[in-house]
Amino acid sequence: MFTLRDRITYEEFVQHIHEGIVTEAGDCPVTPVLTLFQGKWKNQIIYTLCRCGTMRFGALKRALDGITNTMLSSSLRELEADGLVTRMQFNEIPPRVEYALTEKGGDLMPIFYAMMNWGLKYGNK
């Protein structure tokens, strides 16, 4: 087993993947990323915020065809707890709440790019 103590290059990844790569805790290093995307809506919410930037709750709901208010609220709370989305509440009448990606959430863009390319290559086959 190859134990990660810091970031490695792609070349190091390819060199050590056959040994198995684990974190210092002995876990698969990909599991935390996949956990962030669990659920039907989280990746769509993240993608929509990547694409559109800061959005109000209603605009986000309209952009996600089929999501319920309850599911959007719970997904946003989970994404906020994971540090991927920030919630900004403005003390106005009527109340206004906006959601945006944090820096951590924005750092998912290369992952979305890689998944998009993989999907274009293999998704419809």
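Up top you'll find the structure we're talking about.
The structure contained in this document is the topic of the report that follows.

What counts, and where the lines are drawn
In this convention, every chain numbers its residues from 1, walking through the sequence in written order. With the structure being a predicted model, the display of local features is reserved for residues of pLDDT at least 70 and the display and counting of side-chain atom pairs for 80 or more, all residues being used for whole-chain, interface and lining totals. Excluded from the side-chain calculations are hydrogens and water; all other atoms, namely the structure's heavy atoms, are used. Helix and strand labels come from DSSP, where a helix needs a run of H or I of at least four residues and a strand needs a run of E of at least two; each type is numbered from the N terminus. Exposure is judged per residue with a 1.4 Å probe applied to protein chains only, and the accessible area is read against the type maximum: over 50% gives exposed, under 20% gives buried, and values in between give partly exposed. Working definition: a ring pair exists when centres of Phe, Tyr or Trp rings (six-membered ring for Trp) sit within 6.5 Å. Plane angles under 30 degrees give stacked, over 60 give edge-to-face, the rest tilted. Two conditions define a charge sitting above a ring: the NZ of Lys or the CZ of Arg must be within 6 Å of the ring centre, and it must be within 35 degrees of the ring normal. Under the rule applied, a polar contact is a pair of N or O atoms within 3.5 Å (in protein, one hydrogen donor and one hydrogen acceptor; residues adjacent in sequence only if both atoms are side-chain atoms). A helix is expected to reach a length of 1.5 Å times the quantity of its residues less one. In this description, the arc belongs to the directions extending from the helix axis to the C-beta atoms. Should DSSP find at least two bridges between two strands, the strands are taken to pair.

## A look at the environment of Phe 90
- Its location among the elements puts Phe 90 in strand 4 (residues 85-90).
- When its relative accessible area of 27% is taken as the criterion, Phe 90 is described as partly exposed.

## Some thoughts on the packing of aromatic side chains
- Applying the stated criterion across every chain yields a total of four aromatic pairs.
- Residues Phe 37 and Phe 112 carry aromatic rings whose centres are separated by 5.7 Å and whose planes lie at 70° to one another, so their mutual orientation is edge-to-face. Of this pair, Phe 37 sits in the loop between helix 2 (31-36) and helix 3 (42-52) while Phe 112 sits in helix 7 (residues 109-122); the two residues are 75 residues apart in sequence, bridging distant segments of the chain.
- Accessibility expressed as a relative area gives 14% for Phe 37, which makes it buried.
- Cluster of aromatic residues (ring-pair linked, three or more members): Phe 37, Tyr 47 and Phe 112.
- Over the face of the ring belonging to Phe 90 we find Arg 96, whose NZ or CZ atom lies 3.8 Å from the ring centre.

## Things to note about the environment of His 18
- Among the secondary structure elements, His 18 is positioned in the loop between helix 1 (10-16) and strand 2 (21-22).
- Since its relative accessible area comes to 65%, His 18 is described here as exposed.
- Along the chain, His 18 and Met 1 lie 17 residues apart, while their C-alpha atoms are 8.8 Å from each other.
- Engagement of the side chain of His 18 in a polar contact is seen with the backbone oxygen of Gln 15, the distance being 3.0 Å.

## Some thoughts on helix 5 (residues 69-81)
- End to end, helix 5 covers 18 Å across 13 residues, agreeing with the expected 18 Å (1.5 Å per residue, within 8%).
- Turning to helix 5, its buried residues number three or more, namely Leu 72, Ser 75, Leu 76 and Leu 79. Projected down its long axis, helix 5 carries its buried residues within an arc of 100°, all on one side. Relative to its buried face, helix 5 has exposed residues pointing more than 90 degrees away, namely Thr 70, Arg 77 and Ala 81.
- Phi for Gly 83, located one or two positions after helix 5, is positive at around 80°.

## Examining the pairing of strand 4
- Where strand 4 lies against strand 5 (residues 96-101), six bridges are found, and the strand directions are antiparallel. In the sheet register, Arg 87 faces strand 5, and the bridge partner there is Tyr 99.
- In sequence, strand 4 turns back onto strand 5 through a hairpin of five residues.

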